[in-house]
Amino acid sequence: MNEKLTCSTPGCEVAIDGSCLEGHDPIQSCPHFGQPDAIDDREPSEDSPKTSQEAGQEKPKVQLPHGESLSQLEVDAQQLQRAARFVVIMGDTSSGKSTLVCSLYEKFLRGAFADRSFVASTTLCAFERLAHQSRAISGASTPDTERTYVSEGLQYYHLALAGLENPSRRTDLFFSDRAGETYRSAMDQPHEFKTFPELSVARIVALLIDGARLAQPQELHEVLATIGRMVRAMLDSGALNDTQHLQLVMTKRDEVKRSENRDAIEMQVASLVERLQSNFGSRIATIQYFAISARDPKGEHQPADRCDALLSAWIDAPEPPVRIVEQNEDPSTGFDRLATITRARA
Amino acid sequence: MSSQRHIILGFPESGKTTYLAALWHVIEAGPKTTSLTLEKITGDARYLNKIVEAWLRCDEVPRTYLSDEQKVSLYVRDSKTGDTMILSLPDFSGETFQEIFADRHCLEELYGDLDEDGGILFFVNADRANDTMSILDHGFDGEDDEDDEDDETANTNPEDILQEFDARKVPEQTRIVDLLQLLQTAPFVQRNRRITIVVSAWDVTLEDRITPQEWVAREMPLLDQYLANNAKLYETRFCGVSAQGGVLTAATRNSLLAKDPAKRVICHWDGQSGQDITLPLRWLSANDH
């Protein structure tokens, strides 16, 4: 218990007396608890943040929020301030997870999109990193997105949007991003899906189907079969349930459209979707299908083509109905109320 | 006496130093273009004198470097209202602001200046390149398909010299939005603030016949959306300023030199074009929140 307590609120003395300046109890519920101290702590100080000046010639600096992708803990802290909607974007390696997130951000750089406008984002630096290889300034001749590696673990991007018709209706979205290999390997041990925190908090799970691989005859059947098995594994392991919406999203639609076999591919995909709806429809809130072209390298499709419908579905997907649970008779104590809540969640 | 402290913000070459030079001349010389007059000045005036000399000669006003940071306070009286106000305009260099986005920290001294109740004068330069340009914007404007027999290999080009990601070169609108968000996030105190987005080099937009707000919506849509959706945090006005009055070429320089310095200024404010560059400052100070 000798770990140093930190808080980013200036003047908070949690490190000294363990109490929160803003009165949060427990202190862990304070959104600033655990954040780096407001003043750069290269030179730890008893009572004055200015003592870091003594460390050398460098002028003292104030540490600011990092703006990069967020960990689960950081997302949880933001959730305490404002409710948000979680979207898990999962799929095989190179299926276009990061490109999809990036293309949505890039649309808002150019104006309103999908009848929504930009309100805020705590991960602007991370979005910009994603976008770099698609920018002229990168020196590349073909747009690309840096892939997500297994070692990066789970990370989130944040985007808050408002409706154009109803600007007061703000929706905070957290998009999860994790290396495709992780999900792939979990198929061999389905119980591992239960250990992914993003799945337990997600309202929407967008499972990407790599359109570029569908366009390869030798890949088509394997890709579709893998999607089917992945859905089954998540449901059978209990990682997904009937409060969540599953979206099957065929990415790189431009590649499919350019394929000679496009009709056959689209038929096969439609057949898969129908089968999944028939087999698993009762075990999950909804199963929907989308086909998008987030970034056509040949420029024949608009950037984020058909992503507007997908984004709208993320925002508009209904919350599960409230379950009415008979209350304990005379819940006079906190434990009685807790028992009611526990039964409601059962 | 109301006492408010406003701050000038902007990234390198956003026009804030030229504005400051013109402002210093206008309120010090007390010409008839403004109702603000200078009562006294505190701090080191060498920096102001240096930049105003360049401005009066129609030379490029020297860019502010980190070591040049000077903090002065101008005690100004509004002859229309009789109010006296303190305009503290710490003109920190653009590099100081670059550090905020790129390195995620800011000088403690700047932190203190930023974490005030006063208004913000945020500069963006209308005479700028499009820094949001994507590769697809470049490559598909009609001249790309002439020799695409081998387009299957177009996705990889070993000749490309890839540039590493540089946080100092991300689109300016992203950096501005990020900064405005940071100012409302701990360790800063969240508060309602007045902000004027000052579009400098406004003379280059005159042929477009648009307002400063329309310019921001066209050129910096993310910033426009952010400000529109965060009116509870930032009460916003837009202003177009040409502190020099035009582009400094050999020909225009002579015609600009022939004018009264205070009258070569252009200030588009509240739908009207005039010469009073103190209007945005007076709005920041107005006691009608």
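Analysis parameters
Residues numbered from 1 in each chain as written. Chains lettered and ligands numbered in written order. Predicted model: local features only at pLDDT ≥ 70, side-chain atom pairs only at ≥ 80, totals over all residues. Contact = placed C-beta atoms within 7 Å. Helix = DSSP H or I, 4+ residues; strand = E, 2+ residues; numbered from the N terminus. Nonpolar A, V, L, I, M, F, W, Y, C, P; charged D, E, K, R; others polar. Pairing = 2+ DSSP bridges. Core = buried A, V, L, I, M, F, W, Y, C linked by C-beta atoms within 7 Å. Buried ≥ 20, exposed ≤ 12 C-beta atoms within 10 Å, placed from the backbone. pLDDT = per-residue confidence, 0-100. Axes fitted to C-alpha atoms, helices over the stretch in contact; angles between N-to-C directions. Parallel < 35°, antiparallel > 145°, perpendicular 65-115°, else oblique. Left-handed = near helix turned anticlockwise from the far one by under 90°.

1. A closer look at the interface of chain A and chain B
- If you look at the interface, chain A gives 44 residues, while chain B gives 44 residues.
- Every element with two or more residues in the side of chain A that touches chain B is listed here: β1 (61–63), α3 (97–109), β3 (116–120) and α4 (124–131) of chain A.
- Here the residues of the side of chain A that touches chain B are counted per class, giving 22 nonpolar, 15 polar and seven charged.
- For β1 of chain A and strand β5 (residues 105–107) of chain B, the ladder comprises three bridges, and the chain directions are antiparallel.

2. Quick look at the nonpolar core
- Counting 147 residues, the largest nonpolar core has V87, V205 and L207 of chain A as the members making the most contacts within it.
- Those residues in contact with V205 of chain A, other than ones at most four positions away along the chain, are V88, M90, L199, L240, Q244, L246 and Q247 of chain A.

3. A short note on unusual backbone geometry
- Backbone torsion omega between A186 of chain B and P187 of chain B reads 15°, so that peptide bond is classified as cis.
- Examined against the element boundaries, P187 of chain B turns out to sit in the loop between α6 (172–182) and β7 (193–200).
- Its identity as a non-glycine residue notwithstanding, D115 of chain A has a phi of 60°, on the positive side.
- Along the polypeptide, D115 of chain A turns up in the loop between α3 and β3.
- When the 14 C-beta atoms within 10 Å are taken as the criterion, D115 of chain A is described as partly exposed.

4. Let's talk about the confidence of the model for chain B
Residues and elements named next belong to chain B.
- Put simply, chain B has an average pLDDT of 81, and 83% of its residues get 70 or more.
- The model gives residues 140–156 a pLDDT under 50, and that stretch makes five contacts with residues more than four places away or in other chains.
- Listed scores for the predicted complex are pTM 0.84 and ipTM 0.87.

5. As for the pairing of strand β6 (residues 120–125) of chain B
All names here are of chain B.
- The buried count for β6 comes to six of six residues, which makes it a mostly enclosed element.
- Of the two faces of β6, the one holding I120, F122 and V124 and the one holding L121, F123 and N125 are both buried throughout.
- Alignment of strand β1 (residues 7–10) against β6, held across four bridges, turns out to be parallel. The residue bridging L9 from the neighbouring strand is F122, located in β6.
- Note that β6 and β7 share six bridges and pair parallel. Looking across to β7, one finds that N125 is bridged to S200.

6. Thoughts on the packing of α3 of chain A against α4 of chain A
Residues and elements named next belong to chain A.
- Running from amino to carboxyl end, α3 crosses α4 at an angle of 110°, the nearest separation of the two axes being 9 Å. As far as their axial angle goes, α4 and α3 are roughly perpendicular. Pair α3 / α4 crosses with left-handed handedness. On α4, the residues that touch S98, V101, C102, Y105 and E106 of α3 are F127, L130 and A131.

7. Thoughts on the confidence of the model for chain A
- Confidence in the prediction for chain A averages 86 pLDDT; 82% of positions are at 70 or higher.
- Low pLDDT, under 50, characterises residues 39–56 of chain A; the predicted model gives this stretch 20 contacts beyond four residues in sequence or across chains.

8. Quick look at the packing of α6 of chain B against helix α8 (residues 221–229) of chain B
Residue and element names in this part refer to chain B.
- For the pair α6 and α8, interaxial distance at closest approach is 8 Å and the crossing angle is 25°. Relative to α8, the element α6 is oriented roughly parallel. Where α6 crosses over α8, the two elements pack in a sense that is left-handed. The residues of α8 that touch α6, namely those facing Q173, T174, I176, V177 and L180, are L222, L223 and Y226.
- Taken together, the residues of the contact of α6 with α8 break down into six nonpolar, two polar and no charged.

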